[in-house]
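Topology and contacts: notes
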Amino acid sequence: IFPGDAKAWKSAIAKNAESLKTDVDSINAQIVHHVETTLARAAFNVDEMAMYQAAALSVRDRLIHNWDVTQTFHTQARTKRVYYFSLEYLLGRGYDNALLNLGVRQPYNEGLKGLGFNMEDVIDVERDMGLGNGGLGRLAACYLDSTSTLDIPCWGYTLRYSQGIFKQIIDSSGNQVEVPDPWLENQNPWEIPRLDNAVEIKFHGEATPGEGGKGPGTWTGGLDVLAVPYDIPVPGYKTQTTNNIRAWSARGKVSFDLAKFNAGDYDAAVREAEEAETITRVLYPNENFDKGKALRLKQQYFWVAASLHDICRRFRKLRVPWSEFPDYNAIQLNDTHPTLAIPELMRILVDEEGQPWDEAWEIVRRTFSYTNHTVLSEALEKWSVPLVEWLLPRHLQIIYEINLDMLKDVEKKWPNDRARLARMSLIEEGYPKMVRMANLAVVGSHRVNGVAALHSHLVQQDLFPDFVEYLGRDHFGNVTNGVTARRWLLQCNPSLAKLITDTLGSDEWVVNLDKLEGLTKYAKDKAFQKKWAACKQANRERLCDYIEATLGLTVNRHALIDVQVKRIHEYKRQFMNILGVIFRYLQLKKMSPADRKRLVPRLSVFAGKAAPGYYIAKLIIRLCNAVSKTINADKDIRESLSVAFLPDYSVSLAEIIIPASDISEHISTAGTEASGTSNMKFALNGGLLLGTLDGANIEIAEAVGDENVFFFGHVTPDVPKLRRAHHFGEVQYPAELLEVVDAIRSGMFGEAGVFEPLLGTLFEGKDHYLVSDDFLSYLQAQKMVDEAYVDQPSWVEKTINSTARMGRFASDRAVLQYAEEIWNIEPIKIPQDA
Ligand code: C3B
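Residues numbered from 1 in each chain as written. Predicted model: local features only at pLDDT ≥ 70, side-chain atom pairs only at ≥ 80, totals over all residues.

- Identification of the protein chain as Alpha-1,4 glucan phosphorylase from Rhodotorula toruloides is taken from an unreviewed UniProt entry.
- Under the UniProt heading Cofactor (unreviewed entry), the note attached to the protein chain is "pyridoxal 5'-phosphate".
- The protein chain has a UniProt comment under Catalytic activity (unreviewed entry) that states "[(1->4)-alpha-D-glucosyl](n) + phosphate = [(1->4)-alpha-D-glucosyl](n-1) + alpha-D-glucose 1-phosphate". (UniProt positions renumbered as here; feature names shortened; annotations may be inferred.)

Next up, the structure:
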């Protein structure tokens, strides 16, 4: 295996491994090595950023070592691998997480201290890897953490956007302003460029279908672009398994055209390269919304084509028949974004590998499975047929052929049912015709799942009822989302994590979250309650410090912290929350100072980004800021109520906010939020939920007990008739809501006219998300929160019980369920001597 002298290699490898020892002295030597050589700095010249970089590079050395061992072992053992195709990975920071997962946080802490640095400050200079918008991307990050921790061989595939999610700034009028995300400005230690593994990806050109539609076709001419892989190691918790996220970056095939340069056309000399690089220049900043832009389709194809190229290259080395492809590879489609992988694998199998069409189709269906993440119609992807034809002519032919087969089959089962054919077709009739990506994902997979029980039910009942009939119930299922306890408890809430470990006598809960159940025993224990509440208070102080530092706002440090942090979207109803805040303010203004004092003080915290083109969402942000300005400036009210809109919500900001929350709001219109995952993080960290009967809220309540969740609002089956009532103008607006609307219109929160378009969404049949229908019940739920909070022992008991019963919302549970029910893959531990 070794070139040259095996003994020389082995001794060098052993020596090198020694340099990764984990005692404090060795760690410091590794850090200083990077300070001196990689960064080329002297000790006097090391600031926090340099210390972070050097320390992170030393961690990276460990990760790469484990990565090598893992990948070599999996390859030699010829294990099956899961490929998680996700256009977004919202990883956040890597340093602290890697230290914890590698089990070296303690010695690093000490080491840094000796070198004159404070761990928290060093952690704080790291920039988030923001290659995602929200829930979908963060879920992918949690799942990769779980696959490594569970020793499941897995690779994520994604794009390496030069610009991740934009940085949000709030201007002096309270508006969101977007500025570019500079995540790559100071070199990213968590990625390994693989410049020698670049792949050529083709667009445009001419295609001819194969004989009879099903024979091998051709695709020639067109434009080639290079896909360059960057690998991001994903360490498991206290295991050597280190899975990989491979992120593709686009390059021109020729970076510089010398002929054009010589001819004096300097722009043209670099144009082609620049155009190619545009493909991965920026993450589309929309969540739950499909804009149908050509560049997005280019991104999608570029990504899945490069990834499949990689997977097939690896498969060919096994030298087994293509029919065994699904025995070695499972590909999970995270939403419809990677659906082009279905026709692309067909193209590889039929056109390049000469596999018969029907056998290829069988291979494809056994390989892919599809997770749906939304039932919102504006988020369901459709691509115009002319666009697909222009960019990917051969793929359109393949899609047509798949469609023809399916429709013939449906016609056989349900003769003369034209309406059914029209509904199920992969092509939607119209001008232009559109390719329905979800339908393609459903027929090209062996399993389709939603992400919470209610959502999976709606996926079957509302989105794909025809396909349930056609493909059978077993084609569809549910895997409720989960979150990793490594980041979302151990890392973000160290004091609570320590209390839990001390109380349970072991940290096994970190990898087996059901163990938290052991805490219920202590839920009523006064001494334990006191320690539990002290953790919350410490986290509260940390958030208040942050608010003071970023907003210059001093808040009551004993106020109940009420949080809503997530993407700003009408269906998530931040609007209702801020209307409720205004209502509270109006009430407080009417009270005597003594009465005010008796009420539980509140701090309302908002954070979240709006898509740059989403006008109403941006107005919601503006309203939150306008309201906070008025309320925070009101001296009479200050002790009882304050409002903070924290700019630039991110994973690392969530890590500060979530542990501090007493109440968090998950108040989407019933039937609109597929699952939600922050609800799980809040409950895990000893916060109670205020929510609608939507998404995973329902299952969380089942787990933690109805008495520990504040529910309100209409249920999913009510929604259609309520919407109809709005349509026909048969709605009674509650006086409380009208009072709040009047207050806004009076100019109490600045220029009233500005908010008219937002207020307009409540009236004249436009209240699609039923804010007016749920508002009273929302206020009542808020009142119940106030009342419950007064009885502190009972409140703390609720929060302990809710944390204790959150075990089933571990991403470990979810990933194991995928592994068993969908991927058909077993964990495989890396042997000590590997
Ligand atoms: C989100 C959904 O909106 C959430 O309810 C869900 O918890 C997560 O996905 C994870 O399943 N989602 C998203 O962030 N982006 C989309 N394009 C679609 C759904």
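Don't stop here, the text continues.
**Some remarks on the overall build of the protein chain**
- In terms of helices and strands, the protein chain carries 34 helices and 25 strands.
- Relative to the compact-globule value of 28 Å for 834 residues, the protein chain shows a C-alpha radius of gyration of 28 Å, a close match.
- With respect to the three principal axes, the spread of C-alpha positions in the protein chain is 85 × 75 × 65 Å.
- When the 834 residues of the protein chain are sorted by exposure, 48% land in the buried category.
- The contacts of the protein chain with a sequence gap of at least 6 include a subset with a gap of at least 24, amounting to 77%. (Helix = DSSP H or I, 4+ residues; strand = E, 2+ residues; numbered from the N terminus. Rg over C-alpha atoms; globule rule 2.2 N^0.38 Å. Buried ≥ 20, exposed ≤ 12 C-beta atoms within 10 Å, placed from the backbone. Contact = placed C-beta atoms within 7 Å.)

**A look at the nonpolar core**
- Judged by nonpolar contacts, the single largest core of 220 residues is most densely connected at Ala55, Phe302, Ala341 and Val627.
- For Val627, the contacting residues outside a window of four places in its chain are Ile578, Val581, Ile582, Val643 and Phe749. (Core = buried A, V, L, I, M, F, W, Y, C linked by C-beta atoms within 7 Å.)

**A short note on the domain arrangement of the protein chain**
- Assigned domains of the protein chain: these are domain 1 (1-77 + 106-126), domain 2 (82-93 + 128-380 + 437-480) and domain 3 (535-809).
- Measuring from the centre of the C-alpha atoms in domain 2 to the corresponding centre in domain 3 gives 35 Å.
- The partner domain 3 presents 31 residues to the 37 residues of domain 2 that form the contact.
- Contributing elements (two or more residues each) for the side of domain 2 that touches domain 3: strand 2 (89-92), helix 7 (135-149), strand 5 (167-170), strand 6 (176-179) and helix 18 (453-463).
- Along the lines of polarity and charge, the residues of the side of domain 2 that touches domain 3 split into 14 nonpolar, 17 polar and six charged. (Domains from an automatic or database assignment. Nonpolar A, V, L, I, M, F, W, Y, C, P; charged D, E, K, R; others polar.)

**A few points about the environment of Phe583**
- The residue Phe583 is located in helix 23 (residues 574-590) in this model.
- For Phe583 and Val741, which are 158 residues apart along the polypeptide, the C-alpha to C-alpha distance reads 9.6 Å.
- In this structure, Phe583 is in contact with Glu736, Val740 and Leu779, ignoring residues within four places of it in sequence.

**Comments concerning the site of the ligand**
- Not every one of the 19 residues close to the ligand is listed here, only the nearest: Gly135, Leu136, His373, Ala674 and Ser675.
- Here the shell around the ligand spans two domains, and each of domain 2 (82-93 + 128-380 + 437-480) and domain 3 (535-809) adds at least three residues to it. (Near = placed C-beta within 6 Å.)

**Describing the sheet that holds strand 24 (residues 688-691)**
- Spatially, the six strands line up as an open sheet ordered 22-21-20-23-24-25, and their pairing is parallel. In this open sheet, the two edge strands, each paired with only one partner strand, are strand 22 (641-646) and strand 25 (709-711). The average undirected angle you get between the axes of adjacent strands in this sheet is 20°.
- Note: strand 21 (residues 602-607) against strand 22, six bridges, orientation parallel. (Pairing = 2+ DSSP bridges. Axes fitted to C-alpha atoms, helices over the stretch in contact; angles between N-to-C directions.)

**Quick look at the pairing of strand 5**
- One ladder, built from four bridges, connects strand 5 with strand 6; its direction is antiparallel. Bridge assignment links Ile169 to a residue of strand 6, and that residue is Val177.
- Hairpin connection of strand 5 to strand 6: five residues between the antiparallel strands, including Gly174 at a positive phi of 90°.

**Some points on the sheet that holds strand 17 (residues 434-436)**
- Here we have three strands laid out as an open sheet, ordered 15-17-16, and antiparallel in their pairing. Either end of the sheet is taken by a strand with one partner, and the two such strands are strand 15 (382-384) and strand 16 (427-428).
- As defined by bridge partners, strand 15 adjoins strand 17 across three bridges and the pair is classed as antiparallel. Residue pairing across strands places Ser384 opposite Met434, the latter belonging to strand 17.

**Regarding the pairing of strand 12 (residues 242-252)**
- Within strand 12, nine of the eleven residues are buried, leaving the element largely enclosed by the surrounding structure.
- Relative to strand 12, strand 11 (residues 223-235) runs antiparallel, the two being bridged by eleven bridges. Within strand 12, the residue paired with Ala227 across the bridge is Ala250.

**Considering helix 34 (residues 811-823)**
- Spanning 13 residues, helix 34 covers only 16 Å between terminal C-alpha atoms, well under the ideal 18 Å at 1.5 Å per step.
- Residues Ser811, Asp812, Ala814, Val815, Tyr818, Ala819, Ile822 and Trp823 constitute the buried set of helix 34. Projected down its long axis, helix 34 carries its buried residues within an arc of 165°, all on one side.
- Next to the buried residues of helix 34 lie strand 1 (81-85), helix 7, strand 13 (329-334) and strand 14 (368-371).
- Of the residues flanking the end of helix 34, it is Asn824, one or two places downstream, whose phi is positive at about 55°. (Expected span 1.5 Å × (residues − 1). Arc of directions from axis to C-beta.)

**Remarks on the packing of helix 7 against helix 34**
- At their nearest, the axes of helix 7 and helix 34 sit 9 Å apart, and the two run at 75° to each other. Between helix 7 and helix 34, the interaxial angle falls into the category roughly perpendicular. Across the interface between the two elements, Cys142, Tyr143, Asp145, Ser146, Thr147 and Thr149 of helix 7 pack against Ser811, Asp812 and Val815 of helix 34. (Parallel < 35°, antiparallel > 145°, perpendicular 65-115°, else oblique.)

**Here's the deal with the environment of Ala670**
- Relative to the helices and strands, Ala670 resides in the loop between strand 23 (663-666) and helix 27 (678-684).
- Of the residues examined, Ala670 has 22 C-beta atoms within 10 Å and is grouped as buried.
- Apart from residues no more than four positions distant in its own chain, Ala670 is found in contact with Thr692, Leu693, Asp694, Gly713, His714, Val715, Thr716 and Val719.

**Quick word on the UniProt feature "modified residue: N6-(pyridoxal phosphate)lysine" (unreviewed entry) in the protein chain**
- In this numbering, the UniProt entry assigns the feature "modified residue: N6-(pyridoxal phosphate)lysine" (unreviewed entry) to Lys681.
- In this structure, Lys681 sits in helix 27.
- Excluding residues within four positions of it along the chain, Lys681 makes contact with Val483, Trp488 and Ile658.

**Structural notes on unusual backbone geometry**
- Across the junction of Tyr431 and Pro432, the peptide omega takes the value -5°, indicating a cis bond.
- Tracing the chain through its elements places Pro432 in the loop between strand 16 and strand 17.
- A positive phi angle is found at Arg573, which is not glycine, with a value near 60°.
- Position of Arg573 relative to the elements: it lies in the loop between strand 20 (560-565) and helix 23.
- The exposure class assigned to Arg573 is buried, which follows from the 27 C-beta atoms found within 10 Å.
- The phi dihedral of Leu770 is positive, around 60°, even though this residue is not glycine.

**Description of the confidence of the model for the protein chain**
- Predicted confidence across the protein chain gives a mean pLDDT of 97, with 100% of residues reaching 70 or more.
- Predicted complex metrics record ipTM = 0.99 and pTM = 0.98. (pLDDT = per-residue confidence, 0-100.)

**Concerning helix 4 (residues 95-102)**
- In terms of burial, helix 4 is largely enclosed, as eight of its eight residues are buried.
- Those residues of helix 4 not exposed but buried are Tyr95, Asp96, Asn97, Ala98, Leu99, Leu100, Asn101 and Leu102.
- Each element contacted by the buried residues of helix 4 is listed here: helix 3 (48-76), helix 5 (105-114), helix 6 (119-124), strand 11 and helix 20 (485-491).
- Immediately beyond the C-terminal end of helix 4, within one or two residues, lies Gly103, with a positive phi of roughly 75°.

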